[in-house]
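Structural overview for review
This is what each chain is made of:
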Amino acid sequence: MPTLRFRLNTHAGSQFAEIEIRQAILAGWTGRDRAAVERHMEELAVHGVKKPPSIPVFYRCSAARLNTLDVIEVTGEDSSGEVEFVLIQSQGALWVGTGSDQTDRKVEGYNITVSKQMCDKPMAPELWPYAEVRPHWDRLVLRSWAVNEGKRELYQQSTLAAMLPPAALIELYTGGGALQEGFAMFSGTVAALNGLKPSERFEFELEDPVLKRTLRHGYTIRTLPVIG
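Here is a short report on the structure shown in this document. (Residues numbered from 1 in each chain as written. Predicted model: local features only at pLDDT ≥ 70, side-chain atom pairs only at ≥ 80, totals over all residues. Heavy atoms only, no water.)

Further remarks concern the environment of Asp33. Turning to its location among the elements, Asp33 is positioned in the loop between strand E3 (23-28) and helix H1 (34-45). As a C-alpha pair, Asp33 and Ala162 span 129 residues in sequence and 6.7 Å in three-dimensional space. (Helix = DSSP H or I, 4+ residues; strand = E, 2+ residues; numbered from the N terminus.)

Printed below as a string of structure tokens:
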């Protein structure tokens, strides 16, 4: 199992911690607005992605896919990132981070579960205690940018009011219990502002406008050739 090093930022200060990721869960179709979820389905249908068996749905991928790298390698030119909040249970507490569910869109067209396993899932190397942001959760903002040929374009932007909150996601996944120690759950995402597209670099953030802080990360996508 991978062990990732995070800075744990709290009201009392910050410290580094090594967290072993025992299981990675990728939630999907997690919008509170069912109409918006349907629009995102239509967005993906253009790429041949079938509707999921349930809403929301929880995919699994190898925990080894999670990292805090600045560069990742993908096969071919059909993948793209998507910003999400990430929940991690560690040290007896729930922590909040942000990451990108980089996904191969071509593979997604015939098997979503396989597509999730195709790419790394980069994360910002910092976490906040969920307890500190829970009172104003809906005011947190997710953003991402696609960078191509040096041009940085806003790719996604939404408050977390658009998505199911952590307690609901966890209850739907566990059937009522808490996440187990070492479990990491990606939240699902919001629609791209101008449609899905690949990029040379992907940058993302989770902003807390109440406590005036932001989790940020970005990574370059190195494309490997497809031969045969």
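Here the narrative resumes.
In this section: the sheet that holds strand E16 (residues 201-208). One open sheet holds the five strands; their spatial order is E6-E17-E16-E13-E14, and the pairing between them is mixed. Single-partner strands in this sheet number two, and they are strand E6 (71-75) and strand E14 (151-159). Strand-to-strand twist across the sheet, computed as the mean angle between neighbouring axes with direction ignored, equals 25°. Pairing of E6 with strand E17 (residues 213-224) involves five bridges; the strand directions are parallel. Following the sheet pairing, Val71 is matched in E17 by Thr220. (Pairing = 2+ DSSP bridges. Axes fitted to C-alpha atoms, helices over the stretch in contact; angles between N-to-C directions.)

Under the criterion given, the structure shown has seven aromatic pairs. With centroids separated by 5.6 Å and ring planes inclined at 75°, the aromatic side chains of Tyr130 and Trp137 adopt a geometry described as edge-to-face. Here the two residues Tyr130 and Trp137 agree in accessibility, since each one is buried. Measuring from centroid to centroid gives 6.3 Å for Phe202 and Phe204, while their planes differ by 35°, and the two rings are tilted. Note on accessibility: Phe202 and Phe204 belong to one class, buried. Among the aromatic residues, those joined into a ring-pair cluster are Tyr155, Phe202, Phe204 and Tyr219. Here the guanidinium or amino end of Arg5 rests over the ring plane of Phe16, the centre of that ring lying 4.0 Å away. (Phe/Tyr/Trp six-rings, centres within 6.5 Å; stacked < 30°, edge-to-face > 60°. Buried < 20%, exposed > 50% of the residue type's maximum accessible area, 1.4 Å probe, protein only. Lys NZ or Arg CZ within 6 Å of the ring centre and 35° of its normal.)

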